[in-house]
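The primary structure of each chain is shown beneath.
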Amino acid sequence: TERPQTGRLALYLLGLRATCPPSEPHRLLVTWLKYHLEEDWTGECSRRHGHPLTSYYQYGLGVLALCVHKKRVREEVTRRLLAAQHHGRLGHGGTAVDTEAVVALALTCLERRRLVGARLAAEIRAATQEVSRSMAKAQGPDGIIGNIYSTPWALQLFLAQGMCHTEPLYSRAMAALLGNLDTFGTAATMAQVLPVLHGHSYLDIASMPCGEEPDTLTPMAMEPAAESPGNKTVRLVVECAQPWCFELRLYDQQVSVPAAASLLDVLQAATTQEPHFTFDTQDTAQGPYLTQVLGLEARQQKRNYWQLLSAPNTPLLKSVADYIPHDGETLILRLSEW
């Protein structure tokens, strides 16, 4: 059965609301999003393990989009998000930061727009304040909160909560973003960082004035990037750091690819070079997310994930499709626990 498209539809509705449409052609889409939120929490797996079929990231986006469109959600939906935040079910590393921020933004929106009762609003305020404290602790010496992709989400939450731009926490994170703008190369990641650069969060979409604005958007001629000539060789290593694995290193091979190849291209070349090498990905807003390698699946309910590293131990801050390894680099795919 195809999984609910909660996150994709939520992002579309947020973007649609930001364009200030003259009428409401999106009413049916809002109804569909409500349906997807319910479908996202059906089945034995969700009831047993207490998480949506997609992810809390997508589920939080769905609640946020409905709130921005001034639609209430059932109290049970809100309490699912509160329980997930309270029990630490929202992910690992940078993934945890962006998921926590999205969920906290959704909850803050419900509380600010008075779409919940007084008692629930008090619980939301306590939970979102705790998330903000967690974000502050997650900031590294380089100003990045979680990873470079989760930093705009953290800043959106700080903005929604009224943090002053001169706060050291905020200014260090903003400096990190400005120094890494070339990292945000997809439409989805640009959509996360652009509001922050203008001092806004997604919550501001709900109250933005929709006056007449001149059409100043003009197409820009884009020249295709020149392809780098030649090939490169990348060493690909697969490790399983779980106690139930018989050995740590499961795969260790040199893979030859074109000079401009991404990590995703390396993985695809490995499947051609070694027929027994397999992998699978799942589409996310940040690009393909590695879910399976050599038949070993990363499962949220088992609290494990495929960590991407440049040897010996440097985490990659880009998706498998965006990271371009250099010639002679050793890349490690490590099944780790969070």
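Whatever comes next refers back to the structure up there.
Residues numbered from 1 in each chain as written. Predicted model: local features only at pLDDT ≥ 70, side-chain atom pairs only at ≥ 80, totals over all residues. Heavy atoms only, no water.

(A) Quick look at the packing of helix α9 (residues 168-178) against helix α10 (residues 187-197). Two numbers describe how α9 lies on α10: the axes approach to 12 Å, and their chain directions differ by 130 degrees. Classified by the angle between their axes, α9 and α10 sit oblique to one another. Between α9 and α10 lies a crossing of left-handed hand. Here Tyr170, Met174, Leu177 and Leu178 of α9 lie close against α10, whose contacting residues are Val193, Val196 and Leu197. For the contact of α9 with α10, the class distribution of residues is 7 nonpolar, no polar and no charged. (Axes fitted to C-alpha atoms, helices over the stretch in contact; angles between N-to-C directions. Helix = DSSP H or I, 4+ residues; strand = E, 2+ residues; numbered from the N terminus. Parallel < 35°, antiparallel > 145°, perpendicular 65-115°, else oblique. Left-handed = near helix turned anticlockwise from the far one by under 90°. Contact = heavy atoms within 4.5 Å. Nonpolar A, V, L, I, M, F, W, Y, C, P; charged D, E, K, R; others polar.)

(B) Structural view of the packing of aromatic side chains. Summed over the entire model, instances satisfying the criterion amount to 7 aromatic pairs. Ring centres of Tyr57 and Trp153 lie 6.1 Å apart, and the angle between their planes is 85 degrees; on these two criteria the pair is classed as edge-to-face. Highlighted residues: Tyr57 in helix α4 (residues 56-68) and Trp153 in helix α8 (residues 151-160), separated in sequence by 96 residues. On the basis of relative accessibility, which here comes to 0%, the residue Trp153 falls in the buried class. Residues Trp153 and Tyr202 carry aromatic rings whose centres are separated by 5.3 Å and whose planes lie at 85 degrees to one another, so their mutual orientation is edge-to-face. Of this pair, Trp153 sits in helix α8 while Tyr202 is found in the loop between α10 and β1 (231-240), placing the two residues 49 residues apart along the sequence. Summarising the burial analysis for this pair, Trp153 and Tyr202 share the class buried. (Phe/Tyr/Trp six-rings, centres within 6.5 Å; stacked < 30°, edge-to-face > 60°. Buried < 20%, exposed > 50% of the residue type's maximum accessible area, 1.4 Å probe, protein only.)

(C) Up close: the pattern of salt bridges. Applying the stated criterion across every chain, the model contains 12 salt bridges. Here Glu239 ties to Arg334 by a salt bridge, and the two come within 2.9 Å at their closest N and O atoms. With Glu239 in strand β1 and Arg334 in strand β8 (residues 330-337), the pair connects residues that are 95 residues apart, well separated along the chain. The class of Glu239 is buried, set by a relative accessible area of 5%. (Salt bridge = Lys/Arg side-chain N within 4 Å of Asp/Glu carboxyl O.)

(D) Geometry of a nonpolar patch on the surface. Nonpolar side chains collect at one region of the surface, where Leu178, Leu181, Met190, Leu194 and Leu197 lie side by side and expose about 420 Å² of accessible area between them. When residues of the nonpolar patch are assigned to their parent elements, the largest contribution, 3 residues, is made by α10. Overall, the relative accessible area of 32% leaves Leu197 in the partly exposed class. (Patch = residues over 30% accessible without salt bridge, like charges linked within 9 Å, V, L, I, M, F, W, Y side chains within 5 Å. Areas by Shrake-Rupley, 256 points an atom, 1.4 Å probe, with all protein chains shown as cover.)

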